[in-house]
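# Chain and residue survey
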Amino acid sequence: MGQDSILLEKLGGVARITLNRPDVLNSFDASMSGKLQDVLAELATDREIRALYLTGTGRAFCAGQDLAEACPKDAPPLADFADHVRKVYNPIVLSLRNLPKPVVCGVNGVAAGAGASLAFACDLVVASEEASFLQAFIKIGLVPDTGASWILPRLTGTAHAAALMMLGEKLPAPRALELGMIYKVCPLEALETVGMGLATQLAGQPTYALGLIKKLLNASANNTLEQQLELEADYQGRAGRSLDYTEGVKAFLDKRKPSFTGA
Ligand code: T3D
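Reading guide: rules and limits
- Residues numbered from 1 in each chain as written.
- Predicted model: local features only at pLDDT ≥ 70, side-chain atom pairs only at ≥ 80, totals over all residues.
- Heavy atoms only, no water.
- Axes fitted to C-alpha atoms, helices over the stretch in contact; angles between N-to-C directions.
- Helix = DSSP H or I, 4+ residues; strand = E, 2+ residues; numbered from the N terminus.
- Parallel < 35°, antiparallel > 145°, perpendicular 65-115°, else oblique.
- Left-handed = near helix turned anticlockwise from the far one by under 90°.
- Contact = heavy atoms within 4.5 Å.
- Nonpolar A, V, L, I, M, F, W, Y, C, P; charged D, E, K, R; others polar.
- Expected span 1.5 Å × (residues − 1).
- Buried < 20%, exposed > 50% of the residue type's maximum accessible area, 1.4 Å probe, protein only.
- Near = heavy atom within 4 Å.
- Polar contact = N/O pair within 3.5 Å; in protein donor to acceptor, adjacent residues only side chain to side chain.
- Areas by Shrake-Rupley, 256 points an atom, 1.4 Å probe, with all protein chains shown as cover.
- Core = buried A, V, L, I, M, F, W, Y, C linked by side-chain atoms within 4.5 Å.
- Pairing = 2+ DSSP bridges.

## Focus: the packing of helix H1 (residues 30-44) against helix H3 (residues 81-98)
Packing of H1 against H3 leaves a shortest axis separation of 10 Å and a crossing angle of 25 degrees. Relative to H3, H1 is oriented roughly parallel. Regarding H1 and H3, the two cross each other, and that crossing is left-handed. Across from Ser-33, Leu-36, Gln-37 and Leu-40 in H1, the residues of H3 making contact are Lys-87, Val-88, Pro-91, Ile-92, Ser-95 and Leu-96. Residues of the contact of H1 with H3, tallied by class, amount to six nonpolar, three polar and one charged.

## Considering helix H9 (residues 207-220)
An ideal rise of 1.5 Å per residue puts 20 Å on 14 residues; H9 measures up with 20 Å between its terminal C-alpha atoms. Among the residues of H9, those classed as buried are Thr-207, Leu-210, Gly-211, Leu-212, Lys-214 and Leu-216. At its buried positions, H9 is contacted by H3, strand E5 (103-107), helix H8 (188-203), helix H10 (225-240) and helix H11 (243-254).

## What about the site of the ligand?
Taken together, 24 residues form the shell around the ligand, and within it Arg-59, Gln-65, Leu-67, His-84 and Ala-114 come nearest. Taking Arg-59, its side chain carries an N or O atom lying 2.8 Å from an oxygen atom of the ligand. In the model, an oxygen atom of the ligand is placed 2.5 Å from a nitrogen or oxygen of the His-84 side chain. About the coverage of the ligand: the protein hides 66% of its 1100 Å² of free accessible area. Secondary-structure elements contributing two or more residues to the shell around the ligand are helix H2 (67-70), H3 and strand E6 (110-112). Ranked by the residues each element gives to the shell around the ligand, the list is headed by H3, at three residues.

## Some thoughts on the nonpolar core
In terms of nonpolar packing, the biggest core is built from 48 residues, with Phe-61, Val-107 and Phe-133 touching the most fellow members. Not counting the four nearest positions on each side in its chain, Val-107 is found in contact with Phe-61, Ala-119, Val-125, Val-126, Ala-127, Ser-128, Ala-131, Phe-133 and Leu-191. Of all hydrophobic cores here, the second largest spans 13 residues; its members include Ala-51, Val-104, Val-126 and Leu-198.

## Concerning the pairing of strand E7 (residues 124-128)
One face of the sheet, then the other: side chains in a regular strand alternate in exactly this way. Burial analysis of E7 places four of its five residues in the buried class, which makes it a mostly covered element. Pairing of E5 with E7, which is carried by four bridges, proceeds in the parallel orientation. Bridge pairing in E7 links Cys-105 to Val-125. Pairing of E7 with strand E10 (residues 184-186), which is carried by three bridges, proceeds in the parallel orientation. Across the sheet, the residue bridging to Ser-128 is Cys-186, located in E10.

## Digging into the sheet that holds E5
The strand order across the open sheet built from six strands is E1-E2-E3-E5-E7-E10, with neighbouring strands paired in mixed fashion. Every interior strand has two partners, whereas the edge strands, strand E1 (6-11) and E10, have only one. Adjacent strand axes in the sheet meet at a mean angle of 20 degrees, parallel and antiparallel pairs treated alike. Against the sheet, H8 contacts E1, strand E2 (14-19), strand E3 (51-56), E5, E7 and E10, and its axis sits at roughly 160 degrees relative to E3.

## A few points about the sheet that holds strand E8 (residues 132-134)
Each strand in a sheet pairs with another by means of backbone hydrogen bonds, the pair being arranged parallel or else antiparallel. Overall, mixed pairing links the four strands, which are arranged E4-E6-E8-E9 in an open sheet. In this open sheet, the two strands that pair with only one neighbour each are strand E4 (60-62) and strand E9 (171-172). The pairing of E6 with E8 spans three bridges and is classified as parallel. In the sheet register, Ala-111 faces E8, and the bridge partner there is Phe-133.

All quantities given are derived from atomic positions and should not be read as evidence of function.
What follows is the structure, given as structure tokens:
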């Protein structure tokens with residue numbers, strides 16, 4: 001029996017998801033993408049889980065599509081990449097962006113093609129000093145997918161996004177940090193502590209409000225100021241009716257640490 005391509009551990013309020021095909025740099029075959037979709041669907045409704053941590057086994061985070069699966073040596077290539085992208089990668093991006101809880105990504109090594117896009121679809125990205133990001137698509141005659149062409153220009157501006165996508169150069173994590181593509185860089189030995197630490201911290205925060213912050217950030221990309229102001233008002237109304245708001249204010253007035261339940 002083969003190894004499990006996705007590992008899921010529930011550690012208190014945090015779900016730790018590990019991409020686990022290290023021999024092929026955790027590239028996505030049908031089994032791994034299907035399992036990731038299933039795990040994300042399960043975690044979306046698991047009330048005990050209030051934050052996710054996504055990382056990879058071995059020396060890579062994820063090398064995107066498994067090219068041996070997409071173009072087998074002795075068989076015809078995947079019939080329709082459009083169909084494949086719609087069914088496999090688009091639902092994963094939408095699950096991560098629409099998940100009503102925060103996702104921290106711990107990029108342990110190279111993140112290439114859809115693997116880089118996967119990291120950028122998460123809320124907070126922490127990378128090891130050895131990690132790198134690679135818009136590998138152009139190297140094999142493809143275009144960026146899995147949300148890269150939407151998110152990269154918003155992270156770096158069009159000038160850098162165009163260079164990354166067109167030149168396909170490997171970008172070291174410290175440079176990705178300088179360009180505003182990721183949140184933090186740390187030594188590889190510290191990645192687990194830093195990444196899981198952030199996820200654990202987030203799991204103790206007001207989950208409902210964090211979910212609304214994600215929605216605000218998603219909407220801000222295309223809204224006018226007027227639309228965004230209205231959305232903020234609406235969400236503030238909702239957050240103000242949450243149990244965590246009541247607890248937050250009560251704790252402040254009592255001069256004690258709040259105990260948020262996520263509701
Ligand atoms: O199919 C569709 O629906 C289209 C959608 C596509 C979405 C995409 O993600 S397209 C982009 C696909 N990914 C790539 O093009 C990246 C390919 N990999 C690389 O360019 C390099 O491996 C890296 C730059 C990521 C790392 O280089 P390096 O030198 O550190 O490692 P390596 O020696 O190239 O790879 C190590 C092993 O992993 C090697 O196998 P071996 O020789 O030890 O048996 C290599 O073949 C394997 N591997 C790496 N990436 C992939 C892979 N095997 C299958 N698919 C991969 N993507």
